[in-house]
Amino acid sequence: MRLLVGRAATLAVAESLTGGLVAAELAAVPGASRAFRGSVTAYATELKHEILGVDAALLAERGAVDPDVARGMAEGVRHRLGADWGVATTGVAGPTPQDGQPVGTVFVAVAGPSGAVVVPLRLSGDRGMIRRASVAAVLELLTAELRRSTVAGPESTTAAAEGQRNGKGRTATRNGPGTTTGGQG
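Asks: Quick question: what am I supposed to make of the overall build of the protein chain here?
Replies: Secondary structure assignment for the protein chain yields seven helices and seven strands. Element order for the protein chain, N to C, with α for helix and β for strand: α-β-α-β-α-α-α-β-β-β-α-α-β-β. Within the span of the protein chain, comprising 185 residues, buried residues form 46% of the whole. Contacts in the protein chain between residues far apart in sequence, at least 24 positions, make up 62% of those at least 6 positions apart.

The structure is reproduced here in structure tokens:
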């Protein structure tokens, strides 16, 4: 968040399984009002389409727990709230599976000026632990993308834009803390 405040960039948040925890974490930072535009807690699947603009056919076909849904949420909230950056969380915190996905399946996404990045997570623990780990993961991803955007050369921006034009963006796979591998999604 401090990176955003120092750069005069703005941020919007779309949340599902975290139910407002990301927004609360951001709003707790002094000076947050200079960067944080607002948030949408779209817990119900139909709200992901109606408010955030996620493709209804995608939601009907795959359900809400999907990397493309996370990407659509981040892009949608960025657009709808007029922010430079959008972040999103969607997944299964438990206690039961959802949309054919086991408890602990989570997707976090960040959408920015150069495209979107989605990270799939396989988390363990109780409902509260999964939700808190999801908040930490999306904020870590946002921080990494903000740093990348300020230090990346033109070829990085071109590659991200090319992935976005192809409708894919970037997808990183995370197996646990600190173990990320990147690739095209």
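Asks: What am I meant to see in the environment of Ser-124 here?
Replies: Residue position: Ser-124 is located in the loop between strand E5 (115-122) and helix H6 (127-151). Taking the C-alpha atoms as reference, Ser-124 lies 7.8 Å from Val-103; in sequence the two are 21 residues apart. Every residue in contact with Ser-124, bar those within four places of it in the chain, is listed here: Met-129 and Ile-130.

Asks: Just checking my understanding: could you explain the pairing of strand E1 (residues 11-15) for this structure?
Replies: Within a regular beta strand, the side chains point alternately toward one face of the sheet and then the other, so they alternate between its two faces. Most of E1 is tucked away, with five of its five residues classed as buried. In E1, alternate side chains face the same way, and those of Leu-11, Val-13 and Glu-15 on one face and Ala-12 and Ala-14 on the other are all buried. When E1 meets strand E2 (residues 36-41), the two strands line up parallel, connected through five bridges. Bridge pairing links Glu-15 to Thr-41 in E2. For the segment spanning E1, helix H2 (residues 21-27) and E2, crossover handedness is right-handed. For E1 and strand E3 (residues 85-91), the ladder comprises five bridges, and the chain directions are parallel. Within the sheet, the bridge partner assigned to Val-13 lies in E3 and is Val-87.

Asks: Before we go on, may I ask you to explain unusual backbone geometry in this structure?
Replies: Residues other than glycine predominantly adopt negative phi, and peptide bonds predominantly adopt the trans conformation. Geometrically, the link from Gly-94 to Pro-95 is a cis peptide bond, its omega value of 20 degrees lying close to zero. Residue position: Pro-95 is located in the loop between E3 and strand E4 (105-112). Of note in the backbone geometry, Asp-99 takes a positive phi value of approximately 50 degrees without being a glycine. By relative accessible area, which is 38% here, Asp-99 ends up partly exposed.

Asks: How do you make sense of the pairing of E5 when you look at a structure like this?
Replies: Among the eight residues of E5, seven are classified as buried, and the element is accordingly described as predominantly covered. One ladder, built from eight bridges, connects E4 with E5; its direction is antiparallel. Of the residues in E5, the one forming a bridge with Ala-111 is Ala-116. The loop that links E4 with its antiparallel partner E5 comprises two residues.

Asks: Even after reading the chapter, I still don't get the nonpolar core, so can you show me in this structure?
Replies: A general trend in soluble globular proteins is that nonpolar side chains are found buried together. Of all hydrophobic cores here, the largest spans 25 residues; its most connected members are Val-22, Val-87 and Val-108. Where this core is concerned, the elements lending two or more residues are E1, H2, E3, E4, E5 and H6. For this core, the element with the highest residue contribution is H6, accounting for eight residues. In this structure Val-22 touches Val-13, Glu-15, Val-87, Thr-89, Val-135, Val-138 and Leu-139, once residues within four positions along its chain are discounted. Among the nonpolar cores identified, the runner-up in size contains 23 residues, and Leu-59, Ala-74, Leu-81 and Ala-116 belong to it.

Asks: Please clarify how the pattern of salt bridges should be interpreted in this entry.
Replies: When charged atoms on two side chains of opposite charge get close, those side chains can pair. Evaluated as defined, the whole model comprises four salt bridges. A salt bridge links Asp-68 to Arg-71; its shortest N-O distance comes to 2.8 Å. Here Arg-71 and Asp-68 lie together in helix H5 (residues 67-80), a separation of three residues that amounts to about one turn. Classification of Asp-68 as partly exposed rests on a relative accessible area of 30%. When the shortest N-O distance is used, the salt bridge between Arg-148 and Glu-145 registers 3.0 Å. You can see Arg-148 and its partner Glu-145 sitting in helix H6, three residues apart, about one turn around the helix. You can call Arg-148 partly exposed: its relative accessible area is 23%. A relative accessible area of 7% means that Glu-145 is categorised as buried. Connected through shared salt-bridge partners, Arg-62, Asp-66, Asp-68 and Arg-71 make up one network.

Cut-off values and rules
Residues numbered from 1 in each chain as written. Predicted model: local features only at pLDDT ≥ 70, side-chain atom pairs only at ≥ 80, totals over all residues. Heavy atoms only, no water. Helix = DSSP H or I, 4+ residues; strand = E, 2+ residues; numbered from the N terminus. Buried < 20%, exposed > 50% of the residue type's maximum accessible area, 1.4 Å probe, protein only. Contact = heavy atoms within 4.5 Å. Pairing = 2+ DSSP bridges. Right-handed = clockwise from strand over helix to strand, strands pointing away. Core = buried A, V, L, I, M, F, W, Y, C linked by side-chain atoms within 4.5 Å. Salt bridge = Lys/Arg side-chain N within 4 Å of Asp/Glu carboxyl O.

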